[in-house]
Amino acid sequence: MRKAVDKSVRQWWAWILILLTSFGVLGGGYWLYYQSIERAVHSTTLSFMEQIADHDSLNIVNQMDGKMEYLTSLLNRVAAMRDSQIEEVVYSLGVEARTTSFDTLYLITGDDEVYSSSYLKAPLKSMAWAEEFQKAGSSFMTRYDEVSREKWGEFIVYGVHLETPILCGEKVINGAVGLVPIAETAHQMRLESFDGQGVAVVMQRSGGIITASQQYSGADNNFLTPLEHAHFKNQGSLDMCRQAVQRGESLFVEYSLNGSSYYALFQPLINHGGNDWYLVVRVSTQVTAEQVRTLIFHSLPFFFLLGLLILAITYFIYHSMNSVKVARASEQAKSAFLANMSHEIRTP
């Protein structure tokens, strides 16, 4: 009776060991699979961010270069009209402004006067972009917010300052400036991926926001200022971001801010104007978390079947080993019986 009980206990322990082994193998495989899925989704997300940054930066740079080339072409046409009076040139300027993406075009003369495509004349010092124009060696770009009663809006100022002035009638032309609504640049930054959980931001090296692909606001209209309170991962830091921006390098960081986690890719915008602008693509880490959850959910039936297979194989191995053990014990008992019988027959 006691032997039967011991045998039953051993069988129960064997089954427990089989289950623990099966679940251990299955759990280890699941953990490795989960880690590989996370790495694959993370690398895919980074790849998509880089593709979006390359696409948007190429569009923006082409747009900037196109505007600069147009202003240079405009000055070349003005030079060809050297025998015309400034009033005739300004009229042509008004026609060109209405047929291009420029909201307003300006010609700057050697006596610091500004003629606009709206047929107005003003002193150069009254223009918000006057200092940028005077400092520029050849071309420049900057953000400009117009808040006058006659006109208001957000613009990007494109300017060309000629090294060699040109004559136009009795006037000397030093350069040209054009205003383009910021909305046109934002239109080139449609971040259509990541289900609306990403944003592309054009900023200056100081962090000042020029424009964004969607409504975005930060403290002091600065992208870097809120990052002072962020918790960076993988040895990242705000100082690392600032240093990379100052050196004109690309950088990928992951950080948490106000209970949310983000990936951010910083990429310089390099164009012929020599600006110091940066494109930042920021995406919520919820994107990768949702993708991982979706892939894991779809793989659950596979792991269930795999668990059943592991359990069946383990049971088969156990049953085979137990059968071998029983057969060996039976053979030993048979041999012992025959040995005893032989001994009894030989002994009188």
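Preceding this section is the structure that the text describes.
Structural notes, computed from the coordinates. Only a predicted model underlies this, so the values are computations on that prediction, with no experimental measurement involved. (Residues numbered from 1 in each chain as written. Predicted model: local features only at pLDDT ≥ 70, side-chain atom pairs only at ≥ 80, totals over all residues. Heavy atoms only, no water.)

So, about the overall build of the chain. Across its full length, the chain holds 6 helices and 12 strands. When each of the 348 residues of the chain is scored for burial, the buried share is 41%. Pairs at least 24 residues apart make up 57% of the contacts formed inside the chain by residues separated by at least 6 positions. Carbon and sulfur atoms form 57% of the exposed surface of the chain, whose accessible area is close to 20,400 Å². (Helix = DSSP H or I, 4+ residues; strand = E, 2+ residues; numbered from the N terminus. Buried < 20%, exposed > 50% of the residue type's maximum accessible area, 1.4 Å probe, protein only. Contact = heavy atoms within 4.5 Å. Areas by Shrake-Rupley, 256 points an atom, 1.4 Å probe, with all protein chains shown as cover.)

Turning our attention to the side chain of K67. Structurally, the position occupied by K67 is in helix 1 (residues 2-80). Here K67 falls in the buried class, since its relative accessible area comes to 9%. At 3.4 Å, the side chain of K67 forms a polar contact with the side chain of S101. (Polar contact = N/O pair within 3.5 Å; in protein donor to acceptor, adjacent residues only side chain to side chain.)

Taking burial as the measure, the 7 residues of strand 10 (residues 251-257) include 5 buried ones, the bulk of the element. Strand direction decides the pairing type here: strand 9 (residues 231-232) and strand 10, joined by 2 bridges, are antiparallel. Paired with F232 across the bridge in strand 10 is Y255. As consecutive antiparallel partners, strand 10 and strand 11 (residues 260-268) are separated by 2 residues, and within that stretch N258 has a phi angle of approximately 55°, a positive value. (Pairing = 2+ DSSP bridges.)

For side chains of opposite charge, pairing can occur when their charged atoms come near one another. Inspection of the entire model under this criterion finds 8 salt bridges. One salt bridge in this structure joins R242 and E228, with 3.7 Å as the shortest N-O distance. You can see R242 sitting in helix 5 (residues 238-247) and its partner E228 sitting in the loop between strand 8 (209-212) and strand 9, a full 14 residues away along the chain. In this structure, K233 engages E254 in a salt bridge whose closest nitrogen and oxygen atoms are separated by 3.7 Å. A residue pair is termed long-range when its members are at least 10 positions apart, and K233 in the loop between strand 9 and helix 5 and E254 in strand 10 qualify at 21 residues. Taking relative accessible area as the criterion, E254 reaches 13% and is therefore assigned buried. Here the salt bridges share partners, and the residues they tie into one network are D111, E113, K121 and K171. (Salt bridge = Lys/Arg side-chain N within 4 Å of Asp/Glu carboxyl O.)

The next thing to look at is a nonpolar patch on the surface. A cluster of nonpolar residues, L309, I313, F316 and I317, forms a patch on the protein surface that exposes about 400 Å² of accessible area. Residue placement: L309 occurs in helix 6 (residues 286-346). Overall, L309 belongs to the partly exposed group, its relative accessible area being 47%. (Patch = residues over 30% accessible without salt bridge, like charges linked within 9 Å, V, L, I, M, F, W, Y side chains within 5 Å.)

With that settled, the discussion passes to helix 2 (residues 86-98). Here helix 2 spans 19 Å end to end across 13 residues, near enough to the 18 Å set by a 1.5 Å rise per residue. Burial in helix 2 covers these residues: I86, V89, V90, L93, G94, E96 and A97. Across the axial projection of helix 2, the buried residues extend over an arc of 165°, all falling on one side. Exposed side chains of helix 2 directed beyond 90 degrees from the buried face belong to E87, Y91 and R98. (Expected span 1.5 Å × (residues − 1). Arc of directions from axis to C-beta.)

Quick look at the packing of aromatic side chains now. Tallying each qualifying case throughout the model produces 9 aromatic pairs. Aromatic side chains Y91 and Y119 sit 6.3 Å apart centroid to centroid with 15° between the ring planes, which places their arrangement in the stacked category. Placement of Y91 in helix 2 and of Y119 in the loop between strand 2 (113-116) and strand 3 (121-123) is noted, with a sequence separation of 28 residues between them. Judged by its relative accessible area of 52%, Y91 falls in the exposed class. Y119 gets classed as partly exposed once you look at its relative accessible area, which sits at 41%. By the ring-pair criterion, three or more aromatic residues cluster together here, those being Y70, F102 and Y158. Sitting above the plane of the Y262 ring, R282 keeps its charged end 4.0 Å from the centroid. (Phe/Tyr/Trp six-rings, centres within 6.5 Å; stacked < 30°, edge-to-face > 60°. Lys NZ or Arg CZ within 6 Å of the ring centre and 35° of its normal.)

Further remarks concern the nonpolar core. In this structure, L71, L105, L107, Y158, I173, L269 and W277 are the most contacted members of the largest nonpolar core, which totals 43 residues. Looking at this core, the elements with two or more residues in it are helix 1, helix 2, strand 1 (104-109), strand 5 (152-168), strand 6 (171-181), strand 7 (198-204), strand 11 and strand 12 (277-284). Here this core gets 13 residues from one element, more than from any other, and that element is helix 1. In this structure, F232, A244, L251 and Y255 belong to the second largest nonpolar core, which totals 23 residues. (Core = buried A, V, L, I, M, F, W, Y, C linked by side-chain atoms within 4.5 Å.)

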